[in-house]
Amino acid sequence: MKPFIRKAVLAVALFNVTYFIQAQSKLSPKPEVTTVTSPKPFKVLTNGKQITIQSKQNLRSLMVWTASGHRIVEEKDLTTNSYSFTIPAKEKVFFIVIETAEGKRFTEKMGVK
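Residues numbered from 1 in each chain as written. Predicted model: local features only at pLDDT ≥ 70, side-chain atom pairs only at ≥ 80, totals over all residues. Heavy atoms only, no water.

A. Region of interest: the overall build of the protein. Helix and strand content of the protein: one helix and seven strands. Listing every helix and strand of the protein by position from the N terminus yields α-β-β-β-β-β-β-β. Burial statistics for the protein: of 113 residues in total, 23% are counted as buried. Within the protein, residue pairs in contact and separated by at least 24 positions form 49% of the contacts whose partners lie at least 6 positions apart. Looking at the protein as shown, the accessible area adds up to about 9,100 Å², and 58% of this sits on carbon and sulfur atoms. (Helix = DSSP H or I, 4+ residues; strand = E, 2+ residues; numbered from the N terminus. Buried < 20%, exposed > 50% of the residue type's maximum accessible area, 1.4 Å probe, protein only. Contact = heavy atoms within 4.5 Å. Areas by Shrake-Rupley, 256 points an atom, 1.4 Å probe, with all protein chains shown as cover.)

Shown next as structure tokens:
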């Protein structure tokens, strides 16, 4: 009885594999991806290691990471349209995530000298 069950399971498995392989062979054309870029409602101003973010809208949160992944700024529950901080690290490349009061998130990659 056991050899019959093994053969039946093998037959069902092979049928399913061939069925799903055929189902994936028909490739549908990829839809065109259009990105709508709206102007960013903020400016990032640098003066040496002093960074200032000025926004047209109030900021809700701000996070800044170094290129190596170290978080240097994390501010939540902001209610201002301007925020300044000094970079304590010697790294040159940073990533910024800004969330406005409307809930929109913006990312920015920046470098300092």
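B. Structural view of the nonpolar core. I53, L62, V64, Y83, F85, I96 and I98 are the most contacted members of the largest nonpolar core, which has 17 residues in total. Those elements that provide at least two residues to this core are β2 (50-55), β3 (59-66), β5 (82-86), β6 (93-100) and β7 (105-111). Sequence-distant contacts of L62, that is, excluding residues within four places in its chain, are made with I53, V73, E74, E75, L78, Y83, F85, I96, V97 and I98. (Core = buried A, V, L, I, M, F, W, Y, C linked by side-chain atoms within 4.5 Å.)

C. Spatial organisation of the sheet that holds β2. The strand order β1-β2-β5 describes an open sheet built from three strands, whose pairing is antiparallel. On the outer flanks of this sheet lie β1 (42-47) and β5, each paired with one strand and no other. Each adjacent strand pair in this sheet contributes to an overall mean axis angle of 15°, direction not counted. (Pairing = 2+ DSSP bridges. Axes fitted to C-alpha atoms, helices over the stretch in contact; angles between N-to-C directions.)

D. Region of interest: the pattern of salt bridges. All told, the structure shown has five salt bridges when counted by the stated rule. For K76, the salt bridge identified is with E74, shortest N-O distance 3.5 Å. (Salt bridge = Lys/Arg side-chain N within 4 Å of Asp/Glu carboxyl O.)

E. Layout of unusual backbone geometry. One non-glycine residue, D77, lies in the positive phi region at around 60°. Turning to its location among the elements, D77 is positioned in the loop between β4 (71-76) and β5. Residue classification places D77 among the exposed positions, given a relative accessible area of 70%.

F. How the structure looks around the pairing of β3. Within β3, six of the eight residues are buried, which leaves the element mostly enclosed by the surrounding structure. Examined bridge by bridge, β3 and β6 share seven bridges and lie antiparallel to one another. Residue pairing across strands places W65 opposite F95, the latter belonging to β6. Between β3 and β4, which pair antiparallel in sequence order, lie four residues; one of them, G69, sits at a positive phi of approximately 100°.

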